[in-house]
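Here's the letter readout for the chains.
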Amino acid sequence: MGTPHNQAEKGEIAKKVLMPGDPLRAKFIAENFLTDAKLVNEVRGAYAYTGTYKGEKVTVMASGMGMPSIGIYSYELFSVYDVDQIIRIGSAGAYVPELNLGDVVLEESAWSESTFAHTQNGYDKDTIYPDPKLNAHDVFYTEPNVDGYKEISAKHGCACVEMESFALLHNANVLHKKATCMLTISDSMPKNEHATAAERQTSFTDMMTVALEACLDQ
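Below, the structure is looked at part by part. Everything numeric in this text was worked out from a predicted model, so none of it was measured.

## Here we look at the pattern of salt bridges
Turning to step 1, where the next piece is worked out: Taken as a whole and judged by the stated rule, the model has nine salt bridges.
Turning to step 2, where the next piece is worked out: In this structure, the salt-bridge partner of Glu-56 is Lys-16, at a minimum N-O distance of 3.3 Å. Taken together, the residues span a long stretch of sequence, with Glu-56 in strand β4 (residues 56-61) and Lys-16 in strand β1 (residues 16-19) at a distance of 40 residues.
Turning to step 3, where the next piece is worked out: According to the relative accessible area criterion, Glu-56 is partly exposed, its value standing at 26%.
Turning to step 4, where the next piece is worked out: Taking the relative accessible area as the measure of exposure, Lys-16 reaches 10% and is therefore buried.
Turning to step 5, where the next piece is worked out: Through salt bridges with shared partners, a single network forms among Arg-88, Glu-162 and Glu-164.

Quick look at the structure:
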């Protein structure tokens, strides 16, 4: 069957999906946490592995970066592969000094100035919420003439920033599925601290474990 972006056959994708942005992080999770993991997609390098975690069938699939990318993959997972829930496990930049590198954040809401949701189905609000039982913005770099992280944090109550969850949560709401977002702080704007590329890829093991354990409870 498959789609233009996913070569997996129906049945090769589990009902429960963990979705990191980085394909190498998906590979790391499959190799270190899943039993009998099988590579079921490698189109465009968006690796997807299906295996078991403590007897539960789970797929780990990379989303790529940004809302357009996760928007495509999550929509297809929900609508074509009959996935019931997706937990995004990603990195984020802290807007507030209370968050330190390595802290794990469970998202309570996602704010974005993007037109993604409005264009997709006419949704006219700028905040979207995750599934309560499982439990921002579109541009990473901005110019000096627009609000910086301090203004965004103050105006919208944002504790940290990432680029994907708004689209994921919107797709889940539209298709009546479940989704949430769990993040590990990889950068701190107030402290000017940054994790290395290698640390982002392999060191977020606390978040990975919590997300996998959540798959057992649903």
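Having seen the structure, we can now continue with the description.
## Looking at the nonpolar core
Turning to step 1, where the next piece is worked out: Formed by 26 residues in total, the largest nonpolar core has its most connected members in Ile-13, Met-61, Leu-77, Val-83 and Ile-86.
Turning to step 2, where the next piece is worked out: Of all elements in the fold, only β1, α2 (67-79), α3 (116-121) and α5 (165-174) reach the threshold of two or more residues within this core.
Turning to step 3, where the next piece is worked out: Among the nonpolar cores identified, the runner-up in size contains 22 residues, and Ala-30, Leu-34, Met-207 and Ala-211 belong to it.

## Considering the pairing of β1
Side-chain positions along a regular strand alternate between the two faces of the sheet.
Turning to step 1, where the next piece is worked out: By the alternation rule, side chains of β1 split into Lys-16 and Leu-18 and Val-17 and Met-19, which are all buried.
Turning to step 2, where the next piece is worked out: Note that β1 and strand β5 (residues 85-94) share four bridges and pair parallel. Within β5, the residue paired with Leu-18 across the bridge is Ile-87.
Turning to step 3, where the next piece is worked out: Direction of pairing for β1 relative to β4: parallel, over a ladder of two bridges. Residue pairing across strands places Leu-18 opposite Val-60, the latter belonging to β4.

Quick notes on the rules
- Per-chain numbering applies: the sequence of each chain, read as written, is numbered from 1 onward.
- Totals for whole chains, interfaces and linings use all residues, but because this is a predicted model, local features are given only for residues with pLDDT of at least 70 and pairs of side-chain atoms are given and counted only at 80 or more.
- With hydrogens and water set aside, each side-chain value is computed from the structure's full complement of heavy atoms.
- Every case where a carboxyl oxygen of Asp or Glu lies within 4 Å of a side-chain nitrogen of Lys or Arg is listed as a salt bridge.
- Counting from the N terminus, the helices are DSSP H or I runs at least four residues long and the strands are E runs at least two residues long.
- Buried, partly exposed and exposed residues are distinguished by accessible area as a fraction of the type maximum, computed with a 1.4 Å probe on protein chains only: under 20%, between the cut-offs, and over 50%, respectively.
- By nonpolar core we mean a set of buried residues, namely Ala, Val, Leu, Ile, Met, Phe, Trp, Tyr and Cys, connected to one another through side-chain atoms within 4.5 Å.
- For two strands to be treated as a pair, DSSP must find at least two bridges joining them.

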